[in-house]
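Below are the chains, spelled out letter by letter.
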Amino acid sequence: MAIKSSFSTPLGEAACENDAKKLQFIEDVTNNTKKVQERYLQRFNLCGSTDRCSFKAKVPVVTYEDLLPDIQRIANGDRSPILCSHPISEFLTSSGTSAGERKLMPTIQEELDRRQLLYSLLMPVMNLYVPGLDKGKGLYFLFIKSETKTPGGLVARPVLTSYYKSEHFRHRPFDPYNVYTSPNATILCTDSFQSMYSQMLCGLLYRHDVLRVGAVFASGLLRAIRFLQLHWHQLTLDIASGELSPKITDPSIRTAISEILSPNPDLSKFIISECSSDNWSGIIKRIWPNTKYLDVIVTGAMAQYIPTLEFYSGNLPMACTMYASSECYFGINLRPMCHPSEVTYTIMPMMGYFEFIPHDGSTTSNSTTLVELADVEVGKEYELVITTYSGLCRYRVGDILLVTGFHNAAPEFKFIRRKNVLLSIESDKTDEAELQAAVARASELLKPFGASVIEYTSQADTKVIPGHYVIYWELLLKSPEEMPGGEVLEKCCLEMEEAMNTVYRQSRVADGSIGPLEIRVVKGGTFEELMDYAISRGASINQYKVPRCVNFPPILELLDSRVILTHFSPACPTWTSCKSGS
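Parameters and conventions
Residues numbered from 1 in each chain as written. Predicted model: local features only at pLDDT ≥ 70, side-chain atom pairs only at ≥ 80, totals over all residues. Heavy atoms only, no water. Helix = DSSP H or I, 4+ residues; strand = E, 2+ residues; numbered from the N terminus. Buried < 20%, exposed > 50% of the residue type's maximum accessible area, 1.4 Å probe, protein only. Core = buried A, V, L, I, M, F, W, Y, C linked by side-chain atoms within 4.5 Å. Contact = heavy atoms within 4.5 Å. Lys, Arg positive; Asp, Glu negative; His and termini not counted. Salt bridge = Lys/Arg side-chain N within 4 Å of Asp/Glu carboxyl O. Phe/Tyr/Trp six-rings, centres within 6.5 Å; stacked < 30°, edge-to-face > 60°. Lys NZ or Arg CZ within 6 Å of the ring centre and 35° of its normal. Pairing = 2+ DSSP bridges.

An unreviewed UniProt entry lists the protein chain under the name GH3 family protein, from Dioscorea alata.

Below is the structure:
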């Protein structure tokens, strides 16, 4: 009879005692999904009732717009318990609304503990699939972004910036399974160039120690590769001389790197030999030869980057470990080494109270149709609704999820898409209304020339780094000879960018994660050809609508074969990082 290891768990053989405890915790909460969810509702005292029926009857389903007046009161300094009995400690900024402003998600200090709990489950699961991760380091490209203050004095910043600047991250205890090549100072630098440069330099110095390479999003990792393509020459000079580039002026970075940087001509020559070649296929594996996997999100809009990542990594596995947002951290991937197309996330029931609206493509739903976490059905799509510890009650997140199965009593979901999102390169989310407004604003510049936009569509072009928006225009002209000049069309590109939300504009100006917007003018009659093609494939002529975003290769080929003019935005749009509210 085989003797079970003391680290044996239902999920598999744990790497150590601490991992075994974490894996057992996952088993406990997923086996008791209904009880954990019921326990959450006991926080509400609805005239003495704490059952689901009372909760559903007395608490409405809401959107961000419904909560905005209360959020504005808190932002302006009202400290009464408006949304939550605990004091709101800060706001987490989410993607832009249709009005172009970031959403402000309230959070409380205790939520950091809950997020840290979910983070602590990731490596124990990963260790089930990839042994020996305690024998090296992770090369992660992590960054903080700008923060503001509301008129009432509360900090407003992205959720990951909040976490990286917290005591939980900066003073985290040593864990041999979770060691980074990047010192904290390189991550916490607000200058994106200095942060990227120093993190890349540290990654090169520790190249033989690197066992995994990652970023939050796939686009972020590709930006790092592009950065290496542009700056490898200076990096190799630093490595050869043992002296950090004078472009790095942050004192804390210089201090941190001085402890690990010394002259290494051999390493410098190696990097020169790899990076000076035109062949960048498999560059990740060539420079960091012990890399076992990439740790990046490649679900949803990020799936468009998978082929490029496969090219640069030499087809390394890609692990999507966690499902989270500014509103709430939801769950983890219990099979992180699966193919990107098979990624599913198991909702951890202790993270909040979860309900689901059956999704059939309609934009309206009645709260009575909401389904409990443990009662969703395999094969069906749902829109996620959450109630958080920070005061969001029955809040529609906007994520569409497909139930693929269960782990114990907790459902496993595949992320399908963000509801109503049309274009996305990284953290930006542009919906159809925003795109329409941007096209309308830019087309005003054509009126003096007797021209107008009669049809348009778009794509998120990620074949180059960074990716960028491509807008296809078909113009109505007084005569073919009166086509607006290139300078006018370039101004149209910039005008469209000025109309985009703050997340897009920050990505363009401060982060460099989105390239200049491109307008491609197509021949007259192109969109009629597009309709003919759709009808030939079975579309109804009565119900056909021009798609405002396309990604189907034959349609893109048709559009690109009809392009007569191409112009890019000549400058960055307006974006200002304000340190305080007024």
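There's plenty left to go through after this.
J.: I'd love a proper account of unusual backbone geometry, names of residues and values included.
T.: A cis geometry characterises the amide bond from Ile465 onward to Pro466, with omega recorded as -5°. Residue position: Pro466 is located in the loop between β21 (452-461) and β22 (468-476). Although it is not a glycine, Arg394 sits at a positive phi angle of roughly 55°. You can see Arg394 is positioned in the loop between β16 (381-387) and β17 (395-407). Judged by its relative accessible area of 0%, Arg394 falls in the buried class.

J.: I'd love a proper account of the nonpolar core, names of residues and values included.
T.: Judged by nonpolar contacts, the single largest core of 156 residues is most densely connected at Leu228, Trp473 and Met496. It is helix α10 (residues 218-241) that provides the largest number of residues to this core, a total of ten residues. With near-sequence residues (within four places) excluded, Met496 lies in contact with Leu435, Ala438, Val439, Ala442, Ile471, Trp473, Leu517 and Ile519. The next biggest cluster of nonpolar side chains, apart from the first, holds ten residues, and it includes Val470, Tyr472, Ile555 and Leu559.

J.: Please set out the side chain of Glu27 residue by residue, giving values where relevant.
T.: With respect to the helices and strands, the residue Glu27 is situated in helix α1 (residues 17-31). Arg335 provides the closest opposite charge to the buried, unpaired Glu27, separated from it by 9.7 Å. Dropping the residues within four chain positions of it, Glu27 is found in contact with Pro10, Leu11, His407 and Asn408.

J.: Quick rundown of the packing of aromatic side chains? Include the residues and the values.
T.: Applying the stated criterion across every chain, the model contains 21 aromatic pairs. On the basis of an interplanar angle of 55° and a centroid distance of 5.6 Å, the ring pair of Phe193 and Phe227 is categorised as tilted. With Phe193 in helix α9 (residues 192-205) and Phe227 in helix α10, the pair connects residues that are 34 residues apart, well separated along the chain. Phe193 gets classed as partly exposed once you look at its relative accessible area, which sits at 26%. Since its relative accessible area comes to 10%, Phe227 is described here as buried. Cluster of aromatic residues (ring-pair linked, three or more members): Tyr119, Tyr140, Tyr163, Tyr164, Phe169, Tyr180 and Tyr329. One cation-aromatic arrangement involves Arg114 over Tyr389; the distance from NZ or CZ to the ring centre is 3.5 Å. If you follow Arg115 out to its NZ or CZ, it ends over the ring of Tyr329, 5.7 Å from the centre.

J.: I'd love a proper account of the pairing of strand β5 (residues 137-141), names of residues and values included.
T.: The buried count for β5 comes to five of five residues, which makes it a mostly enclosed element. Side chains of β5 alternate between two faces, with Lys137, Leu139 and Phe141 and Gly138 and Tyr140 buried alike. Sheet analysis places β5 next to strand β8 (residues 210-217), joined by five bridges and oriented parallel. Its bridge partner lying in β8, Lys137 is registered against Val210.

J.: With reference to specific residues and values, describe the environment of Met196.
T.: Tracing the backbone through its elements, the reader meets Met196 in helix α9. Looking at Met196, the relative accessible area reads 4%, which means it is buried. Counting along the chain gives 59 residues from Met196 to Thr255, while the straight-line C-alpha distance between them is 16 Å. Here Met196 is in contact with Phe141, Phe143, Arg223, Ala224 and Phe227, once residues within four sequence places are set aside.

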